[in-house]
Amino acid sequence: AKKAGRGEQLIFNDAMNAATKDGLVIDGALRGAIEANEFYLVYQAITNSHTGKLTKVEALLRWNSSLLGPVSPDRFIPVAEDSGMIIPLGTWVLDQACRQMAHWKQSVLDDVTISINVSAWQLAAPDFVALVSQALIRNGLSPHQLELELTERVLIEDAANVQAVLAQLRALGVGISLDDFGTGYSSLSYLTQFHLNTLKIDRAFVMDIEHSERSNNLVHAIIAMGHSLGLQLVAEGVETAGQAAILEKMGCHYLQGYHISRPISPDELLRFADDRAGR
Ligand code: C2E
Ligand code: CA
Ligand code: CA
Ligand code: CA
């Protein structure tokens, strides 16, 4: 490791103190936030790259804190993970997303799949599979209507246990999606070792696909590999028509990103789906 000079050390400490303080403030404000109804979900469309039809929606958590105002999930999720608060919060997300799906029954959104993000802590809890199946039953959903998004970090944390839990979820019929693919500890052995059915190609690669040969080659290789393993592929962070066209041509099945839609409210999503159905 590089030896820091005195000045550098001070800056580092200041930054660390600021981060710790920020974390403590958020941690305090998180307490009671579920009961106070400060959370809600927004939904981002995932469409078939070929037909443009809405196929899945990802539920994304939002927090409007009475103390701090709106706080982005990139700031409060890590804090909730450190404190263990992510367990009740994750349960709330699962429940809320399933309730919303039940609400969409017999609407134009009837046959979409809902994806929710799941943290390592949640998956490690002994009652996770029971929790998922209860949420499905309570809301009259079939397991194939639900997909869980995990990051590579989740997979390595307690590999043997995670593998068993994922096998149970897959046996139930729930989909398992590997989120942010390519950014983490990306061992290719994960792709066969765990019971996955979807790979989500991270925004970092999609972003440069039009201008960087390296990113373009990499995405192409991920898609080819996904195909040969029988996995569904979703490209994240699609922001331009050019990116969408390249991805479709490469055989990426699904697209997600601002070019398709921002994360939106349930009502806005209904209108979006209506629009797409009429095409
Ligand atoms: P993620 O799962 O990778 O979610 C995608 C993030 O990218 C979302 O940010 C979304 O708004 C953003 N995004 C989507 N399309 C585009 C695009 O075209 N361009 C750009 N620049 N960004 C785009 P968001 O909603 O702020 O969520 C950030 C992260 O917070 C998520 O990343 C996920 O890791 C975490 N998160 C969100 N909701 C939950 C949740 O319910 N549970 C858990 N455990 N984590 C969550
Ligand atoms: Ca995700
Ligand atoms: Ca992602
Ligand atoms: Ca991410």
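In what follows, the accompanying structure is described. In this text, all values refer to a predicted model and were calculated from it rather than measured experimentally.

With that settled, the discussion passes to the coordination of the calcium ion (ligand 4). Distances from the calcium ion (ligand 4) to its protein donors, Asp180 (OD) and Asp180 (OD), fall within 3.0 Å. A separation of 3.8 Å is found between the calcium ion (ligand 4) and the calcium ion (ligand 3), which are bridged by Asp180. Along the polypeptide, Asp180 turns up in strand S6 (residues 175–181).

Now for the coordination of the calcium ion (ligand 2). Note on the calcium ion (ligand 2): its protein donors are Glu58 (OE), Asn117 (OD1), Glu149 (OE) and Asp179 (OD). The metal-donor distances range over 2.1 to 2.3 Å. Sequence spacing among the residues donating to the calcium ion (ligand 2) works out to E-x58-N-x31-E-x29-D. In this structure, the calcium ion (ligand 2) lies 3.9 Å from the calcium ion (ligand 3), and both are coordinated by Asp179. Residue Asn117 is located in strand S4 (residues 113–117), and its partner Asp179 is located in strand S6; the two are separated by 62 residues in the primary sequence. A relative accessible area of 31% means that Asn117 is categorised as partly exposed.

Attention now moves to the site of ligand 1. Taken together, 21 residues sit near ligand 1, with Gln44, Arg62, Arg203, Glu239 and Tyr258 positioned nearest. Within the contact set of ligand 1, an oxygen atom lies 3.2 Å away from a side-chain nitrogen or oxygen of Glu58. Here an oxygen atom of ligand 1 and a side-chain polar atom of Asn117 are 3.1 Å apart. Within the complex, 83% of the 800 Å² of free accessible area of ligand 1 lies under protein. Elements with a contribution of two residues or more to the shell around ligand 1: strand S2 (54–65), helix H2 (73–83) and S6. Among the elements that make up the shell around ligand 1, the one with the highest residue count is S2 (four residues). Of the residues in the shell around ligand 1, the class split is eight nonpolar, five polar and eight charged.

Procedures and definitions
- Residues numbered from 1 in each chain as written.
- Chains lettered and ligands numbered in written order.
- Predicted model: local features only at pLDDT ≥ 70, side-chain atom pairs only at ≥ 80, totals over all residues.
- Heavy atoms only, no water.
- Donors = N, O, S within 2.8 Å, 3.2 Å for Na, K, Ca; no water.
- Helix = DSSP H or I, 4+ residues; strand = E, 2+ residues; numbered from the N terminus.
- Buried < 20%, exposed > 50% of the residue type's maximum accessible area, 1.4 Å probe, protein only.
- Near = heavy atom within 4 Å.
- Polar contact = N/O pair within 3.5 Å; in protein donor to acceptor, adjacent residues only side chain to side chain.
- Areas by Shrake-Rupley, 256 points an atom, 1.4 Å probe, with all protein chains shown as cover.
- Nonpolar A, V, L, I, M, F, W, Y, C, P; charged D, E, K, R; others polar.

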